[in-house]
Every structure is written in structure tokens, then in C-alpha cells.
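Report on the structure
Read off the chains here:
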Amino acid sequence: MADTAGFNFGGHIAMRAMLFGLMLLVPTITLAEPIETQKIITALTGDWNGDGAVDLVMIVETKPGDPMDMYFFLRDREANFLRPAGIVREQIYGEWNGYDRPGYEASDTEPELTAMPNGSIKLYLPAMPVGSKRTNQTLTLAYRNDAFIVAGFAYDYYDHLEDNVASDCDYNVLTGKGKSSKMQPDGSISEKTVAVEGKVIAFSEWNPGTGFSACGE
């Protein structure tokens, strides 16, 4: 993903080397285990806590078939190093790429990160290429009260083998407000307003079913 605020590694050696340099600044004693740099599939810099310093987030693969982990770091302005601010385990699905395997090619189902102007993080989760039905999801993550929470949820669904089968939704998890739409058999679009109870949900405790239920699915 091309974004001036973040890094998208995609197997590029130069970008991995840059992130490895950043990791040298992180006190490894605070991490449960070392991070294998070849498993870092994407990373992003931005100011998550609004203190004017550059912070870091990255997505790390675990093992084939298992969900990925997300690592958060906040910069300590006084000591000038990246301080670990949490690890969210197994919340991100994507295609295992096997960077150390011969003939590796970039996957089209890798999650993507984007830094938003307000300091939040947009996490795009593309659909896995299984069957004809595809559901792409987008989460908006924000740092509130010393924790990363899910501030927004969106999805778009379609069936590439069926005509007029598509739907989408975008709602603010904190306020419970949003909108959804669904394509009808005749090709017309039916739109609805999302109005549910607002919630504060830590990213570590997020369940996609919460989002789909709010959207009426």
C-alpha cells in the first residue's frame, strides 16, 4: 500500500531493513518473544496518542493457517525510544505468505494499514479467496485511555458469480450510528440507517459479529 505515513513491506528487503533498524530502538526485555523480521508483513508510523511524537504499529504473521498478531509502540519523548504499548493476538486473518519459501510472490490478501489525519489507524482486511462470495472489512482503531479500541467498522460484500448480489455498511462503533445498503434483485439499491447502542470495545476483545449484527446481517 502506497502511503506517505507508513511502510508496506510486501517482501521488499530495503523496507524490512529499515524496520529492523527501528526495532533495535525497542527494549526487547519488555517483549514476550523476539519478532522474526521476515514475518513482519506491514507496518505504519503515525501519532496514535496525540503527543506529537512518531509511533509505530505492525502486523506480524504467526504460523501457516493461524491469525496474525498486531504490535503497538508509542514513542517515549523524554528517552526517545519506541515503547511497547501492547500486542493484540490473533485478530487479523490473511494469507500465509511464507517469505522464506522459494518462488514467493506478493499476496493480494494481505491486510493494509493507513494512518488517518486524526491519529487513528485504518486496518483493511481483504476477503480470503475462497468460493465466489467476498467480504472485505475495515476497522478504524483509536487510542483511548491507554488502550487501542475499535472506533469504526465497515464492510463490503459481493458475489462475483451472481448478478445484483452486494451489500455494504459503515458505522461508528462509539456512537452506534451509520448507514448500510443492499442491492436488490432488480439492481436497485436499498439504503438503511444504522442506529444501535454505542460501545467502547478494546481491539483485543473485538468480535466481527458485533459489527455485522449492528449492520443488520
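Scroll up to find the structure.
Nothing here was measured: the structure is a model prediction, and the numbers come from that model.

Some thoughts on the packing of aromatic side chains
For the coordinates displayed, the defined rule picks out eight aromatic pairs. Consider the rings of Phe-153 and Tyr-171, whose centres lie 6.4 Å apart with planes at 70°: the pair is edge-to-face. In this pair, Phe-153 sits in strand E9 (residues 147–159) while Tyr-171 sits in strand E10 (residues 166–172), placing the two residues 18 residues apart along the sequence. Like Tyr-171, Phe-153 is buried. What links up through ring pairs into an aromatic cluster is the set Phe-153, Tyr-155, Tyr-171, Trp-206 and Phe-212.

Some remarks on the pattern of salt bridges
Enumeration according to the criterion identifies three salt bridges in this entry. In this structure, the salt-bridge partner of Lys-133 is Asp-159, at a minimum N-O distance of 3.6 Å. Residue Lys-133 is located in strand E8 (residues 133–144), and its partner Asp-159 is located in strand E9; the two are separated by 26 residues in the primary sequence. Look at Asp-159 and you get buried, because its relative accessible area is 7%.

A short note on the environment of Tyr-71
By the element assignment, Tyr-71 lies in strand E4 (residues 68–76). Since its relative accessible area comes to 3%, Tyr-71 is described here as buried. Measuring from C-alpha to C-alpha, the distance between Tyr-71 and Val-88 comes to 6.6 Å, with 17 residues separating the pair along the chain.

Let's talk about a negative patch on the surface
Together, Asp-156, Asp-168, Asp-170 and Glu-191 line one region of the surface with negative charge. Within the secondary structure, Asp-168 sits in strand E10.

Side note on the pairing of strand E2 (residues 40–46)
Of all seven residues making up E2, seven are buried, and the element is well covered by its neighbours. Taken together, the six bridges between E2 and strand E3 (residues 55–60) define a ladder with antiparallel strand orientation. Bridge pairing links Thr-42 to Ile-59 in E3.

What about unusual backbone geometry?
A positive phi angle, close to 50°, is found at Glu-90, a residue other than glycine. Summarising the element assignment, Glu-90 is placed in strand E5 (residues 81–92).

Digging into the sheet that holds strand E11 (residues 177–183)
Sheet strands pair via backbone hydrogen bonds, and the direction of the pair is either parallel or antiparallel. If you trace the seven strands from one edge of the open sheet to the other, you get E6-E7-E8-E9-E10-E11-E12, paired in antiparallel fashion. On the outer flanks of this sheet lie strand E6 (112–115) and strand E12 (189–195), each paired with one strand and no other. Across the sheet, the mean angle from the axis of one strand to that of its neighbour is 15°, orientation sign disregarded.

What counts, and where the lines are drawn
Residues numbered from 1 in each chain as written. Predicted model: local features only at pLDDT ≥ 70, side-chain atom pairs only at ≥ 80, totals over all residues. Heavy atoms only, no water. Phe/Tyr/Trp six-rings, centres within 6.5 Å; stacked < 30°, edge-to-face > 60°. Helix = DSSP H or I, 4+ residues; strand = E, 2+ residues; numbered from the N terminus. Buried < 20%, exposed > 50% of the residue type's maximum accessible area, 1.4 Å probe, protein only. Salt bridge = Lys/Arg side-chain N within 4 Å of Asp/Glu carboxyl O. Patch = residues over 30% accessible without salt bridge, like charges linked within 9 Å, V, L, I, M, F, W, Y side chains within 5 Å. Areas by Shrake-Rupley, 256 points an atom, 1.4 Å probe, with all protein chains shown as cover. Lys, Arg positive; Asp, Glu negative; His and termini not counted. Charge placed at Lys NZ, Arg CZ, Asp CG, Glu CD. Pairing = 2+ DSSP bridges. Axes fitted to C-alpha atoms, helices over the stretch in contact; angles between N-to-C directions.

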